[in-house]
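Architecture at a glance
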Amino acid sequence: MDSNLNDLYRDILMDHYKYPRGKKTLDNPDLENQGQNPLCGDSLTVQARINNSVIEDIGVSCVGCAICTASSSMLADIIKGKTLDEVKEIARVVKHLLKGDKVDSDMDLGDLEALEGVKKFPVRIKCALLSWTTLIDSIESWESGRKLRVVSTE
Ligand code: ZN
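Residues numbered from 1 in each chain as written. Predicted model: local features only at pLDDT ≥ 70, side-chain atom pairs only at ≥ 80, totals over all residues. Heavy atoms only, no water.

**So, the overall build of the protein**
Rules: The helix and strand labels rest on DSSP assignments: H or I over at least four residues marks a helix, E over at least two residues marks a strand, and numbering proceeds from the N terminus. The atom set for the radius of gyration is the C-alpha atoms, and the globule formula is 2.2 Å times the number of residues raised to the power 0.38. Whether a residue is buried, partly exposed or exposed follows from its accessible area with a 1.4 Å probe, protein chains only, as a fraction of its type maximum: under 20%, in between, or over 50%, in that order. What makes two residues a contact is simply this: any of their non-hydrogen atoms within 4.5 Å. Computed with a 1.4 Å probe, the accessible areas rest on the Shrake-Rupley method; for each residue, only the protein chains presented here act as cover. His is not counted, nor are the chain ends, whereas Lys and Arg count as positive and Asp and Glu as negative. The atom standing in for a charge is NZ when the residue is Lys, CZ when it is Arg, CG when it is Asp and CD when it is Glu.
What the protein contains, in helices and strands, is four helices and three strands. Scaling as 2.2 N^0.38, a compact globule of 154 residues should have a C-alpha radius of gyration of about 15 Å, and the protein matches this with 15 Å. Judged by the C-alpha coordinates and their principal axes, the protein covers about 45 × 30 × 25 Å. The buried share of the protein, taken over its 154 residues, is 44%. Partitioning the contacts of the protein with sequence separation of at least 6, the portion at a separation of at least 24 is 58%. When the accessible surface of the protein is split by element, carbon and sulfur atoms take 46% of a total near 8100 Å². Side chains of the protein give 20 positive and 25 negative charges; the mean places of these two sets differ by 4 Å.

This is the structure we're talking about:
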């Protein structure tokens, strides 16, 4: 990882990279989607179980660079137990954070703040965003009543 990232941010990112949260496969997920970032070679699968519009459980399997893996881990960490609307709001804030836009939210970002360091490296923004866009796509598609992928129930 680049040494220009400030030390605190780098430590948080490396911790998520080494010990990714939510790295598991769910049985009978309500939604499942795959994301690819060919620029870097990142590839991931996001699964979630949803109960009453709340993310009851989340699994993210990421094969990618440190930033993609760390961001996926943070996603799994923060969105479990959140409503779908809250998840969309968090994803919106993350996008602003990564693009260096003003974050117009008083949400407690926790470890997500470390992603702010990524904005100095524009080519890595896609790495950090991949899990978020993959999840939001599948939520929107789930809400509109169609699954992106037919999930095997065997
Ligand atoms: Zn990457």
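**Observations regarding the coordination of the zinc ion**
Just so we agree on the cut-off: Listed donor atoms are N, O and S within 2.8 Å of the metal (Na, K and Ca: 3.2 Å). As water is not included, a site may look incomplete.
Protein coordination at the zinc ion comes from Cys40 (SG), Asp42 (OD), Asp42 (OD), Cys65 (SG) and Cys127 (SG), with a distance range of 2.2 to 2.7 Å. Counting along the primary sequence, the residues that act as donors to the zinc ion give the motif C-x1-D-x22-C-x61-C. Of this pair, Asp42 sits in strand E2 (residues 42-51) while Cys127 sits in helix H4 (residues 122-143), and the two are 85 residues apart along the sequence. Of the two residues examined, Asp42 and Cys127, each falls in the buried class.

**Quick look at the pairing of E2**
Keep this limit in mind: A strand pair is defined by DSSP finding two or more bridges across the two strands.
Here strand E1 (residues 31-37) pairs with E2 via seven bridges, running antiparallel. From the neighbouring strand, Gly35 faces E2, where its bridge partner is Leu44. The antiparallel hairpin formed by E1 and E2 contains four residues in its connecting segment, where Gly41 sits at a positive phi of about 90°. The sheet contact formed by E2 and strand E3 (residues 54-63) spans nine bridges and is antiparallel. Within the sheet, the bridge partner assigned to Thr45 lies in E3 and is Ser61. Joining the antiparallel neighbours E2 and E3 is a turn of two residues, in which Asn52 adopts a positive phi near 50°.

**What to know about helix H2 (residues 66-79)**
For an α-helix the count is 3.6 residues per turn, leaving residues at separations of three or four pointing the same way. The condition is simple: Multiplying one less than the number of residues by 1.5 Å gives the expected span of a helix.
If you check H2, its first and last C-alpha atoms are 20 Å apart, about what 14 residues at 1.5 Å a residue would give, namely 20 Å. Of all 14 residues in H2, 13 are buried, a share of seventy percent or more. Remark: Gly81 follows H2 within two positions and exhibits a positive phi of approximately 90°.

**Side note on the packing of helix H1 (residues 7-18) against H2**
What counts here: Comment: axis = line fitted to C-alpha atoms, over the contacting stretch for helices; angle = value between 0 and 180 degrees taken between N-to-C directions. Here the angle decides the label: under 35 degrees means roughly parallel, over 145 means roughly antiparallel, 65 to 115 means roughly perpendicular, and every other value means oblique. The nonpolar class holds Ala, Val, Leu, Ile, Met, Phe, Trp, Tyr, Cys and Pro. Asp, Glu, Lys and Arg form the charged class, and all remaining residues, Gly among them, are polar.
Contact pair H1 / H2: the axes reach a minimum separation of 8 Å and the direction vectors enclose 80°. Accordingly, the angle class assigned to the pair H1 and H2 is roughly perpendicular. In this structure, H1 uses Ile12, Leu13, His16 and Tyr17 to contact H2, whose residues at the interface are Ala66, Thr69, Ala70, Ser73, Met74 and Asp77. Taken together, the residues of the contact of H1 with H2 break down into six nonpolar, three polar and one charged.

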